[in-house]
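Below are the chains, spelled out letter by letter.
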Amino acid sequence: MSFEINNMTIKQIYNLAIEMGRKVDFRMSSQINALLKRARDKYEKLSLQEKKVFDKDNLVNPYSDSRILYGDSDKKITRIIMGIDMREAELLLADRLGNIDLVISHHPAGIGLAGLDEVMHLQADVLASYGIPINVAEGLLKKRISEVARGVSGSNHNQAVDMARLLKIPYMCLHTVCDNLAADYLKKYIEKAKPEYVGELLDLLAKIPEYEEASKIKAGPKLFAGDRDNRCGKIALTELTGGTEGAPEIFERLAQVGIGTVIGMHMSERHTKAASKAHINAVVAGHISSDSIGINLFLDELEKKGIKVIPASGLIRVKR
Ligand SMILES: [Fe+2]
């Protein structure tokens, strides 16, 4: 019997996350491969100067908001701390706790935050899979993606990354890869249960342990638009992955292609009004609790490989 810890390197953890995110991506694998090939073709045509500053992970990783932010990729990892927003304070916490090999944040930082808008293109393909013509989906998202790009452009992107460097603590962010896992989990759960009424859908969600825990702190699933007595109609999971909230005009289009209910992690007032106007029931499952589902599915795999996990920063840790 061996007592050797089966630890992984930072690079292996990163690759596992991308692989898991890809496996359950709402897009087909061939679609993702075509996107990566297109990125490589574009890269080849860049000038030397453009190539010098190009984010080469873009050529192999379809998720711009999931990156190794600091640390030697070959470093062996046995103990990590992961949470929803692992930033300056949490990096200091990791240093204070000691003996932590890697800090993983779900929400992006550094280059992952500056490139958040890029991953939003995923949403166009998800909308197309629900029947919205791709040209319409891309057209509607274009404005919103540029809005997000401008929104994140003024941030002090590398503040937390600098903290990690000074503390010499490896740092990573895994955003859409985990959100994909949550979206896939919820899709399968809902498709199996086939709720007829919105109330039934809410009750079904409330049984998922992360949402049950969230309900205890008044952060459980909520109905933002529609009524518990409404029929769900066709349920779409368009608001769970792909960076951040898409375009509000999408709801009208979703109604036209036969969607009756949308499940999201969170929803702004602008989107809630748009859903209501389009007679779409908007079920908001919960932000941190939904993030937790995706993170948990990833952490379960890490634990299977012998990595010790400390949950932090709002993460509701549930093992499956
Ligand atoms: Fe989130």
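For the structure given in this document, a descriptive report is provided here.

What counts, and where the lines are drawn
Residues numbered from 1 in each chain as written. Predicted model: local features only at pLDDT ≥ 70, side-chain atom pairs only at ≥ 80, totals over all residues. Heavy atoms only, no water. Helix = DSSP H or I, 4+ residues; strand = E, 2+ residues; numbered from the N terminus. Rg over C-alpha atoms; globule rule 2.2 N^0.38 Å. Buried < 20%, exposed > 50% of the residue type's maximum accessible area, 1.4 Å probe, protein only. Contact = heavy atoms within 4.5 Å. Areas by Shrake-Rupley, 256 points an atom, 1.4 Å probe, with all protein chains shown as cover. Lys, Arg positive; Asp, Glu negative; His and termini not counted. Charge placed at Lys NZ, Arg CZ, Asp CG, Glu CD. Salt bridge = Lys/Arg side-chain N within 4 Å of Asp/Glu carboxyl O. Donors = N, O, S within 2.8 Å, 3.2 Å for Na, K, Ca; no water. Phe/Tyr/Trp six-rings, centres within 6.5 Å; stacked < 30°, edge-to-face > 60°. Lys NZ or Arg CZ within 6 Å of the ring centre and 35° of its normal. Pairing = 2+ DSSP bridges. Axes fitted to C-alpha atoms, helices over the stretch in contact; angles between N-to-C directions. Expected span 1.5 Å × (residues − 1). Arc of directions from axis to C-beta.

### Quick look at the overall build of the chain
No. 1: Helices and strands together make up the secondary structure of the chain, namely 15 helices and 11 strands.
No. 2: Here the C-alpha radius of gyration of the chain, 20 Å, is about what a compact globule of 320 residues would show, namely 20 Å.
No. 3: With the C-alpha coordinates of the chain rotated into their principal frame, the extents come out at 55 × 50 × 40 Å.
No. 4: Across the 320 residues in the chain, those meeting the buried criterion constitute 52%.
No. 5: Excluding contacts between residues fewer than 6 apart, the proportion of contacts in the chain whose partners are at least 24 apart in sequence is 74%.
No. 6: Of the roughly 15,200 Å² that the chain leaves accessible, carbon and sulfur atoms contribute 52%.
No. 7: Of the charged side chains in the chain, 45 are positive and 42 negative; the average position of the first set lies 2 Å away from that of the second.

### Describing the environment of Ala-89
No. 1: Tracing the chain through its elements places Ala-89 in helix H4 (residues 88-97).
No. 2: Residues Ala-89 and Ala-124, spaced 35 residues apart in sequence, show a C-alpha to C-alpha distance of 35 Å.

### Topic: the pattern of salt bridges
No. 1: By the definition in use, this model includes 21 salt bridges.
No. 2: Between Arg-317 and Glu-303 there is a salt bridge whose closest N-O contact spans 3.1 Å. Taken together, the positions of Arg-317 in the segment after strand S11 (308-312) and Glu-303 in helix H15 (residues 287-304) put the pair 14 residues apart, joining distant regions of the chain.
No. 3: Given the relative accessible area of 19%, Arg-317 is considered buried.
No. 4: On the basis of relative accessible area, Glu-303 is assigned to the partly exposed category, the value being 25%.

### Observations regarding the environment of Asp-184
No. 1: Mapped onto the elements of the fold, Asp-184 is located in helix H10 (residues 176-193).
No. 2: Taking the C-alpha atoms as reference, Asp-184 lies 9.0 Å from Leu-237; in sequence the two are 53 residues apart.

### A closer look at the coordination of the iron ion
No. 1: Within the protein, the iron ion binds to His-107 (NE2), His-287 (NE2) and Asp-291 (OD); these donor distances fall in the range 2.2 Å.
No. 2: Here the donor residues of the iron ion are spaced in sequence according to H-x179-H-x3-D. With His-107 in the loop between strand S5 (102-105) and helix H5 (110-114) and Asp-291 in helix H15, this residue pair connects regions lying 184 residues apart in the sequence.

### Brief notes about the packing of aromatic side chains
No. 1: One pass over the structure, following the stated rule, counts 2 aromatic pairs.
No. 2: Above the plane of the ring of Tyr-43 lies Lys-51, whose end atom (NZ or CZ) is 5.4 Å from the centre.

### Here's the deal with the environment of Ile-307
No. 1: Inspection of the secondary structure puts Ile-307 in the loop between H15 and S11.
No. 2: With a relative accessible area of 3%, Ile-307 lands in the buried category.
No. 3: Sequence separation between Ile-307 and Ile-13 is 294 residues, and the spatial gap between their C-alpha atoms is 9.9 Å.
No. 4: Once residues lying within four places of it in the same chain are set aside, the contact partners of Ile-307 are Met-8, Ile-13, Ile-77, Thr-78, Ile-80 and Leu-302.

### Some remarks on the sheet that holds strand S9 (residues 259-264)
No. 1: A sheet is described by the order of its strands in space; here 4 strands give the open sequence S7-S10-S9-S8, paired in mixed fashion. Each having just a single partner strand, strand S7 (222-225) and strand S8 (234-239) make up the two edges of the open sheet. Each strand of the sheet is rotated relative to its neighbour by a mean of 30°, with strand direction disregarded.
No. 2: As paired strands, S9 and strand S10 (residues 281-284) are joined by 4 bridges and run parallel to one another. Across the sheet, residue Val-262 finds its bridge partner in S10, namely Ala-282.

### Some remarks on helix H2 (residues 29-44)
It helps to recall that an α-helix has 3.6 residues per turn; residues three or four apart then point in one direction.
No. 1: Over its 16 residues, H2 extends 23 Å from the first C-alpha to the last, a length consistent with the 22 Å expected when each residue adds 1.5 Å.
No. 2: Within the sequence span of H2, burial applies to Ile-32, Leu-36 and Tyr-43. Each buried residue of H2 sits inside an arc of 35° when the element is viewed along its axis, so together they form one side. Relative to its buried face, H2 has exposed residues pointing more than 90 degrees away, namely Arg-38, Lys-42 and Glu-44.

### Considerations on helix H11 (residues 198-206)
No. 1: Turning to H11, its buried residues number three or more, namely Val-198, Gly-199, Leu-201, Leu-202, Leu-204 and Leu-205.
No. 2: Its buried side turned inward, H11 meets H10, helix H12 (209-216), S7, S8, S9 and S10.

### Re the sheet that holds strand S4 (residues 79-83)
No. 1: Taken in spatial order, the 5 strands of this open sheet run S2-S6-S5-S4-S11, and their pairing is mixed. The sheet terminates laterally at strand S2 (67-70) and S11, the two strands that pair on one side only. For this sheet, the mean inter-axis angle between neighbouring strands, taken without regard to orientation, is 25°.
No. 2: Bridging between S2 and strand S6 (residues 171-173) involves 3 bridges; their strand directions are antiparallel. Looking at S6, one finds that Ile-68 is bridged to Met-172.
No. 3: Here helix H9 (residues 159-167) sits on the sheet and contacts S2 and S6; the angle it forms with S2, its principal contact strand, is near 55°.

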